[in-house]
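Analysis of the macromolecular model
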Amino acid sequence: MGERAISLCIDETGDPKKKGKATDYVAKQYIGNLGKTANGVVSVNAYTVVDGLTYPLLFKIYKPKFRLKGSDEYQSKPQIAIEMIREIKAMGLKIERILANSLYGESSDVICALTKLKLPYIVAIRSNHGVLMPKGQRVRYNRWRTYDQPLAQHPTQRHYIREIIFGTRRSVRYYQITKGSTDNPDRADSWFIMTHLGGNIILGIGNQYTLRTRIEYGFKQVSHELGWHDYLIDRLQKH
């Protein structure tokens with residue numbers, strides 16, 4: 001990849017294992033790609049896309065507390081993500097931005113680590129994300145702006161974005177995006193993101209964040225073709 005800057009996507013994925021717990025770290029736990037709790041193994045993954053191709057860079061197994069072995073130390077998924085980002089940065093890869101879902105966006109440890117490492121980030125946050133404001137200040141919702149979101153193998157989709165300002169604008173900025181009705185966006189298909197990218201970014205930030213979805217989709221295709229589940233289980237069994 002040379003000196004090309006990459007968008008680094010961090011998330012977790014799981015592989016269900018219907019029977020038994022003979023494989024290390026298999027447990028009944030939340031599996032994000034299934035959207036439910038199931039018996040399986042979960043990994044935290046880092047991957048990127050170059051010239052339309054998705055490249056898995058690194059993964060680490062999440063080890064539930066009640067499945068730890070004698071030499072193990074418990075790490076949460078955000079802690080694993082921080083460790084992976086540091087390792088990838090140490091490889092010499094130039095990271096243009098970090099993209100992550102709300103599990104990492106809501107982690108103060110992750111955000112502090114990215115700030116210390118001087119890595120730009122665009123992360124999802126929950127709709128009830130808390131922001132401290134001085135007494136007397138209020139939350140302001142700027143007007144909706146329209147942009148078109150290109151989607152791989154699908155027609156371009158119309159989206160709407162607005163900035164949310166808590167008191168006065170600060171280095172960390174907040175946005176709401178919806179592809180539903182702006183008359184009642186909280187009940188529409190809506191999500192929230194946080195970034196410390198500066199400048200006039202409102203019409204570009206949505207497309208930048210949605211790159212995460214395209215990378216994740218590509219990762220799923222790659223992992224299927226490479227037999228990711230079989231590789232993951234095989235590696236665990238060898239440990």
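Described in the following lines is the structure provided in the data block. (Residues numbered from 1 in each chain as written. Predicted model: local features only at pLDDT ≥ 70, side-chain atom pairs only at ≥ 80, totals over all residues. Heavy atoms only, no water.)

Focus: helix α1 (residues 77–90)
- With 14 residues, α1 should reach 20 Å at 1.5 Å per residue; the first-to-last C-alpha distance of 20 Å fits that figure.
- Residues of α1 that are buried include every one of Lys77, Pro78, Ile80, Ala81, Ile82, Met84, Ile85 and Ile88, and no others.
- Just beyond α1, the residue with positive phi is Gly92, at close to 95 degrees. (Helix = DSSP H or I, 4+ residues; strand = E, 2+ residues; numbered from the N terminus. Expected span 1.5 Å × (residues − 1). Buried < 20%, exposed > 50% of the residue type's maximum accessible area, 1.4 Å probe, protein only.)

Considering unusual backbone geometry
- At Tyr25, a position not held by glycine, the phi torsion is positive, near 70 degrees.
- Along the chain, Tyr25 falls in the loop between β1 (6–16) and β2 (27–31).

Some words on the side chain of Asn45
- Tracing the chain through its elements places Asn45 in strand β3 (residues 36–50).
- Here Ser43 takes part through its side chain, which lies 2.9 Å from a polar atom of the side chain of Asn45. (Polar contact = N/O pair within 3.5 Å; in protein donor to acceptor, adjacent residues only side chain to side chain.)

Focus: the pairing of β1
- The buried fraction of β1 is high, at 10 of 11 residues.
- When β1 meets strand β5 (residues 95–100), the two strands line up parallel, connected through five bridges. Each bridged residue has a counterpart across the sheet, and for Ile6 the counterpart in β5 is Ile95.
- Bridge analysis of β1 against β3 gives eight bridges, and the strand direction is antiparallel. Residue pairing across strands places Pro16 opposite Gly40, the latter belonging to β3. (Pairing = 2+ DSSP bridges.)

Here we look at the pattern of salt bridges
- Inspection of the entire model under this criterion finds 10 salt bridges.
- The closest approach of N and O atoms between Lys179 and Asp189, which form a salt bridge, is 3.4 Å. Placement of Lys179 in the loop between β10 (173–178) and β11 (190–195) and of Asp189 in the loop between β10 and β11 is noted, with a sequence separation of 10 residues between them.
- Judged by relative accessible area, which is 41%, Asp189 ranks as partly exposed.
- Linked through salt bridges whose partners overlap, the residues forming this network are Lys60, Glu83 and Glu87. (Salt bridge = Lys/Arg side-chain N within 4 Å of Asp/Glu carboxyl O.)

A closer look at the pairing of β10
- Counted residue by residue, β10 has six buried out of six residues, so it is predominantly covered.
- In β10, alternate side chains face the same way, and those of Arg173, Tyr175 and Ile177 on one face and Tyr174, Gln176 and Thr178 on the other are all buried.
- In the sheet, β10 pairs with β11 via six bridges, with the strands oriented antiparallel. By the bridge assignment, Ile177 is partnered in β11 with Trp191.

A word on helix α3 (residues 108–116)
- Listing the buried residues of α3 in full gives Val110, Ile111, Ala113 and Leu114. Down the axis of α3, the buried side of the element spans an arc of 160 degrees, and every buried residue falls inside it. Summarising the geometry of α3, the exposed residues directed more than 90 degrees from the buried face are Ser108 and Lys116.
- Among the structural elements, α1, β5, α2 (102–105), β6 (121–125) and β11 are those in contact with the buried residues of α3.
- Downstream of α3 by one or two residues, Lys118 has phi in the positive range, about 60 degrees. (Arc of directions from axis to C-beta. Contact = heavy atoms within 4.5 Å.)

A look at the nonpolar core
- One finds Leu8, Ile10, Ile98, Tyr121, Tyr174 and Met194 to be the most contacted residues of the largest nonpolar core, which totals 34 residues.
- Those elements that place two or more of their residues in this core are β1, β3, α1, β5, α3, β6, β9 (154–166) and β11.
- Sort the elements by how many residues they give to this core and α1 lands first, with six residues.
- The residues contacting Tyr174, other than those within four sequence positions of it, are Ile125, His129, Val131, Arg162, Glu163, Ile164, Phe166, Ile193 and Met194.
- Core analysis: the second largest hydrophobic core is formed by 14 residues, Tyr147, Tyr175, Ile193 and Leu197 among them. (Core = buried A, V, L, I, M, F, W, Y, C linked by side-chain atoms within 4.5 Å.)

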